[in-house]
Amino acid sequence: MAGNSQRRNRRNPTSKKGASVGTGGHSRKALQGKGPTPPGEARKGHPKQRAANAAVKRERDAKSRAGMRRAGAGARGGRGGAGAAELVVGRNSVVEALKGGVPATALYVMQFIETDDRVREAFQAANDRGVPLMEAPRPQLDQMTGGLNHQGLVLQVPPYDYAHPDDLLAAAADNAESALIMALDGVTDSRNLGAVVRSAAAFGAHGVVIPERRAAGMTAGAWKTSSGAAARLPVARATNLTRALEAYQKAGLMVVGLAADGEAEIGDLELLSGPVVIVAGSEGKGLSRLVAETCDIRVRIPMPGATESLNAGVAAGIVLYEAARLRAKGGPAATV
């Protein structure tokens, strides 16, 4: 035993307990350190990393659902979005949209859907129009619609392709006709917009102008109410309606505003036979101040009954009919 102790002391004379294993990190083969321990969020499999990944996924899913809800709101007749597709949900709504000529890019059908008369009608209408059918599981449709009661059918409607206000003047010039344009100021009901588009097409107008903000857009509801007229008549969007009206004035058009307290009656307005843009306001507020001040003349529709006002769709139809009647008589109309 003494011999062993002496051998250990010869190897490491400073050790009282004998020789130590290894070099203590002072040789060329010493191990390199890995640096400080990374935080839990950066360590694979660590609970903090799993929690961080889950938070990112929840935020991404929330943004996706919010986008789908905005699309669904537009499909239910809300204000139109610029450049955004919308969704029509529910069996009755989908069938009516397909039969009403509303443009569609796809009909999403829930897997294992229980078919009834409305589902079969939707399939037949989509097949007749060449709309592709896309099968999807219920969770996907729930996410697409933001939890709305889609009943297994979701119709995707492409964004409407709006014209520029100048395009309506070009359409009149191409036909060598006096420009007849309808403008809406603050009309937020898409059904009213669709009714105006239908009347404008029926009475020979060259298009409808709407504001870009705080106004109804060409949603599926507007398409349906227009009864197909939206496919034939351009609808233009103006960033600023007042400036668009001033540009029309510079091009030679008279701006006629509809107002309950207008200084002239519609039956006395011979200038409707010439180049003109007719402006209708919302049923509740009428024309906004700046638009009213821009008008060359404000006219009223005489109403002997007890009704105080007409909605934009009805009022526009009356004035457009009067304009068409005067033009048919061959009144003094300058072409613009």
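Predicted, not measured: the structure shown is a model, and the values here were computed from it. (Residues numbered from 1 in each chain as written. Predicted model: local features only at pLDDT ≥ 70, side-chain atom pairs only at ≥ 80, totals over all residues. Heavy atoms only, no water.)

### Points about the overall build of the chain
Phase 1 of the analysis: Within the chain, the secondary structure is distributed over 11 helices and 11 strands.
Phase 2 of the analysis: The buried share among the 336 residues of the chain stands at 40%.
Phase 3 of the analysis: Carbon together with sulfur atoms contributes 50% to the accessible area of the chain, which is approximately 18,900 Å² in total. (Helix = DSSP H or I, 4+ residues; strand = E, 2+ residues; numbered from the N terminus. Buried < 20%, exposed > 50% of the residue type's maximum accessible area, 1.4 Å probe, protein only. Areas by Shrake-Rupley, 256 points an atom, 1.4 Å probe, with all protein chains shown as cover.)

### Let's talk about unusual backbone geometry
Phase 1 of the analysis: Even without glycine at this site, F112 takes up a positive phi of about 60°.
Phase 2 of the analysis: By the secondary structure assignment, F112 is in the loop between β2 (106-110) and α4 (117-129).
Phase 3 of the analysis: Given a relative accessible area of 77%, F112 falls into the exposed group.
Phase 4 of the analysis: Of note in this structure, A176 is not a glycine but carries a positive phi near 55°.
Phase 5 of the analysis: Relative to the helices and strands, A176 resides in the loop between α6 (165-174) and β5 (180-185).

### Considering the nonpolar core
Phase 1 of the analysis: Core analysis: the biggest nonpolar cluster contains 68 residues, and L107, V208 and M218 have the highest contact counts within it.
Phase 2 of the analysis: The element best represented in this core is helix α11 (residues 312-328), accounting for 7 residues.
Phase 3 of the analysis: In contact with M218, other than residues within four places in its own chain, are E86, Y160, Y162, L193, V197, W223, A230 and V235. (Core = buried A, V, L, I, M, F, W, Y, C linked by side-chain atoms within 4.5 Å. Contact = heavy atoms within 4.5 Å.)

### Thoughts on the layout of surface pockets
Phase 1 of the analysis: Of the volumes computed, that of the largest pocket is approximately 630 Å³.
Phase 2 of the analysis: Lining the largest pocket are 26 residues, and of these D185, G186, R213, R214 and S288 sit closest to its centre. (1 Å grid on protein atoms, 1.4 Å probe; cavity = no way out; pocket = protein on both sides within 12 Å on 5 of 7 lines; lining within 4 Å. Points joined across faces, edges and corners; volume = space filled by probe spheres on them.)

### Description of the environment of P165
Phase 1 of the analysis: Looking at where P165 falls in the secondary structure, it is placed in helix α6.
Phase 2 of the analysis: Classification of P165 as buried rests on a relative accessible area of 7%.
Phase 3 of the analysis: If we skip the residues at most four places from it in the chain, P165 touches A236, R237, A238 and Y248.

### Overview of the pattern of salt bridges
Phase 1 of the analysis: Under the criterion given, the structure shown has 11 salt bridges.
Phase 2 of the analysis: Two residues, R118 and E121, come together in a salt bridge whose shortest N-O distance is 3.0 Å. Of this pair, R118 and E121 are both found in helix α4, 3 residues apart, which corresponds to roughly one turn of the helix.
Phase 3 of the analysis: When its relative accessible area of 24% is taken as the criterion, R118 is described as partly exposed.
Phase 4 of the analysis: Through salt bridges with shared partners, one network takes in K99, R118 and E121. (Salt bridge = Lys/Arg side-chain N within 4 Å of Asp/Glu carboxyl O.)

### What about the side chain of N192?
Phase 1 of the analysis: Turning to its location among the elements, N192 is positioned in helix α7 (residues 190-202).
Phase 2 of the analysis: Among all residues touching N192, those that are not within four sequence positions of it are V187, N311, A312 and G313.

### Considering the pairing of strand β7 (residues 235-238)
Phase 1 of the analysis: Side chains of β7 alternate between two faces, with V235 and R237 and A236 and A238 buried alike.
Phase 2 of the analysis: Direction of pairing for strand β6 (residues 207-211) relative to β7: parallel, over a ladder of 4 bridges. Note that in β7 the partner of V208 across the bridge is V235.
Phase 3 of the analysis: Regarding the hand of the β-α-β motif, the stretch spanning β6, helix α8 (residues 220-225) and β7 is right-handed. (Pairing = 2+ DSSP bridges. Right-handed = clockwise from strand over helix to strand, strands pointing away.)

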